[in-house]
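Summary of structural features
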Amino acid sequence: MTAPTLDVDPWTVREPRVDPEALAVSESVFSLSNGYVGIRGTLDEVEPQAARGTHLSGVYEFHPLSYPEGGYGQPEQGEALLTVADGTPLRLLVDGIPFDVREACPQVHERTLDLRTGTLDRRVRWTAPSGTSLEVTSQRVVSLVERAVCAVRYEVRALDGPAHVVVRSELATADITPTGVYNDDPRVEEALDDAFEALDHRGWATGGALVSRTHRSGLTVAAAVGHEVDGGRVSTDAGRHQVVTTVAADLRSGEGLALVKAVGYAWSDDAGADSLLEQATAAVASASDLGWDGLLAAQRAALDELWATADVEIDGDPELQQALRYAAFQLHCSAACISGAPVGAKGLTGVGYSGHTFWDVEGFVVPALTLLRPDSAARLLRWRAATLGLARERARTLGLAGASFAWRTISGREVSAYWPASTAALHVNADVSRAFWLYRDVTGEELDSVGGLEVLVETARLWMSVGHEDAAGGWHLFGTTGPDEYTGVVDDNVFTNLMARGNLLRAADACRRLEARAAELGVDHAETSAWRSAADAVHVPWDEGLGVHPANANFTAYREWPFEDQRDAYPVQEHQHYATFYRRQVVKQADLVQALWWCRDEFTAEQVARDLDYYEARTVRDSSLSAAVQAVVCAHAQHPDLALRYLRECALVDLRDVQGDTAKGLHLAAVAGSWLALVAGLGGLREDREDLELAPLLPSSLSRTAWSVTWRGRLLRVETTREGTTVTLVRGEGPVTVVVDGAALQVTASAPASAPLRAPAPLLGEPRQPAGREPHT
């Protein structure tokens, strides 16, 4: 896939020359979202395009799942994120000829995503066949304040001669609904290609509205559009599937035609079509009342607050500086206005993974938001807690107690048809529970503020029904899959076992702290004692001869993978059958190494060094989730330069299309992971104890890092230079205790705390990676 060529700038992402061959990737990179509505970064004109798309979080359709043979408990329906009515198209005709950048050969064609204003700006200049030079400028915004509103300002100007200009502005449902589902089963095509039934439409002089309902999931969606025009003649035609507003003008040299187009959305699983139509129309009216300047001012104010609380500064690496600010921007936008729905693996930037959410959202996105935008994290946790009923049903299907959360889903139902790398990956339940207790640690709010106690209780009950106690009293988990999907359905995966232990212990602690509420859930002292006993007896494999932890039972006895012979055959799963590598020592993504981060109290410094060295040589990073984890643990093992290389790979995964699949949408877990790789890696941040902990390192090529974090309602700024680290209380009442390199420091509004920068002290030399799998930098 061709990636766009982008300028390096600290506050913008600019494509100085739009490349039509790179549109598939740039449409994802230039996506705008607020968590409720998202639009891909397509050109204003309908063509050329790779995949147009406007998406609403939580709007999906069911489709059949096909099996050659039936099996008990297999999900019968899949779910796919839908493309809703698209309000972005603006077709331009000049002297009767449609404008198409492929034919116009523009002298200037540039696009810029401004991270401070939150707008996607475009400028095109070309010469029409008549000889007149024209310029189009547009600005697109998805409001971070008016959650249902997208808007664009589009201006056409004749620079040196006359031109007859017609702009056809559309709000239209797609003939075929792109969903990211590729299946030859005709039942799937029938369900998804025409997912909506038109219910109603309205038209008025400057716009109109459409209402439709999904056939199977029963979701009703309304979209409305309105225009404000300066310099042209306006007419509108509305039908069941589209609203078209046409603006025409005869321009003389130096004259221009400008229009502001506002689009509003509403959806519900139970509201009536008329009510939703009025909601969408009201959203357009609100945008019109604010006006274009008002929308931009509100957007700038929202982002001023973001950067006041979440800015990242890097001295010594301009490209990384840009990438980390881009990551903070997209992370915030993925959930800023979300409500009653999950963040998918691609957010609202594409239909990759069919719009599903996975464990990595609770693993990376929610913890990062908890430290940066805790209100957004709380909404995502409340959504997950609201799916407990479905998780209980899934556990019953699996013959288990408690609750088993979906591996992949939009609604909360399990929709993964593949056992080894989905339902067998029971660690999702511990990952979910971890997000809840991290939220409590970071915010200081009690678990029940986000529904967390019941989640911890039900996941603890799940582990008790899965675990097996052997004759010697050891507690095992058999037949599970850890994060490494290249080693599926194994016994005693260390990551899963240790995460289960943490889940059990924290559930017991929470029930002791909230005893009355726990009693309402049927928890008594006997049950919590059983949880603690199981946690104490968790079996953790150990290879005495090698002095390392096998990722799972017998892993270190598996045959080695011929990395040197396979150096050009990545991703492994696209070149080899699973039967070839399932019991080989090749690791798709950090697994045991992820345990070194998330379960840090279970390992000594020497074990971290030796385990990291062993698994670095066997991890091929065929998943975008891996680099962030490796960055953190490499920093933990005192290898800051290697940590920086992994941080760069993670932060640039979409801007450079490192994985080759950014066309399907941004990698949101990597977006969040890059921020975590900085603060938890080079910053050494740990948020899992009573006090915030830091262990800063500075790679040789950087001279300064600075970042902000929200801890217990206070905003802290952490700055590290060669001289040392300074922690400043920017907002909130102090004092705050911050542990830096093991020493407790008091931080107040009037007295920042400082500590000298320690030199790295690795126990082993910098580890090596498989042939050809060094970090992409």
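Right above here is the structure, for reference.
Bear in mind the structure is a predicted one, so any value in this text is a computation, not a measurement.

**A few points about the pattern of salt bridges**
Under the criterion given, the structure shown has 57 salt bridges. Here Glu458 ties to Arg392 by a salt bridge, and the two come within 2.5 Å at their closest N and O atoms. In this pair, Glu458 sits in helix α11 (residues 452-466) while Arg392 sits in helix α8 (residues 388-397), placing the two residues 66 residues apart along the sequence. A salt bridge links Lys588 to Glu485; the nearest nitrogen and oxygen atoms lie 3.1 Å apart. Residue Lys588 is found in the loop between β24 (584-585) and α16 (592-598), and its partner Glu485 is found in the loop between β22 (475-476) and α12 (494-513); the two are separated by 103 residues along the sequence. Glu485 matches Lys588 in its accessibility class, with the two residues each being buried. Shared partners join several salt bridges into a network, and the residues in it are Arg392, Asp448, Glu454, Glu458, Arg461, Arg517, Glu520 and Glu527.

**Thoughts on unusual backbone geometry**
For the peptide bond that leads from Glu47 to Pro48, omega is 0°, which places it in the cis range. Tracing the sequence through the fold places Pro48 in the loop between β3 (37-39) and β4 (54-56). In this model, Arg621 sits at a positive phi of 55°, which is unusual for a non-glycine residue. Turning to its location among the elements, Arg621 is positioned in the loop between α17 (605-616) and α18 (626-636). Take Arg621: its relative accessible area is 1%, and that puts it in the buried class. Its identity is not glycine, yet Asp741 carries a phi of approximately 50°, on the positive side. Tracing the backbone shows Asp741 in the loop between β29 (736-740) and β30 (743-747).

**A word on the pairing of strand β15 (residues 207-214)**
Taking burial as the measure, the eight residues of β15 include seven buried ones, the bulk of the element. With eight bridges joining them, strand β14 (residues 196-204) and β15 adopt antiparallel strand pairing. Note that in β15 the partner of Phe196 across the bridge is Thr214. Taking the residues that link successive antiparallel strands as the turn, the β14-β15 hairpin has two residues. Sheet topology places β15 next to strand β16 (residues 220-230); seven bridges connect them, and they run antiparallel. Looking at the pairing, Gly208 lines up with Val225 of β16.

**Some thoughts on the sheet that holds β14**
Here we have nine strands laid out as an open sheet, ordered β1-β9-β10-β11-β12-β19-β16-β15-β14, and antiparallel in their pairing. Across the chains shown, the open sheet's two edge strands, defined by having one partner strand only, are β1 (12-15) and β14. Across the sheet, the mean angle separating the axes of adjacent strands is 15° when strand polarity is ignored. Relative to strand β12 (residues 149-158), strand β11 (residues 133-142) runs antiparallel, the two being bridged by nine bridges. Looking across to β12, one finds that Gln139 is bridged to Arg153. Sheet strands touched by helix α4 (residues 273-310): β10 (119-127), β11, β12, β14, β15, β16 and β19 (256-268). Its angle to β19, the strand with the most contacts, is close to 135°.

What counts and what doesn't
Residues numbered from 1 in each chain as written. Predicted model: local features only at pLDDT ≥ 70, side-chain atom pairs only at ≥ 80, totals over all residues. Heavy atoms only, no water. Salt bridge = Lys/Arg side-chain N within 4 Å of Asp/Glu carboxyl O. Helix = DSSP H or I, 4+ residues; strand = E, 2+ residues; numbered from the N terminus. Buried < 20%, exposed > 50% of the residue type's maximum accessible area, 1.4 Å probe, protein only. Pairing = 2+ DSSP bridges. Axes fitted to C-alpha atoms, helices over the stretch in contact; angles between N-to-C directions. Contact = heavy atoms within 4.5 Å.

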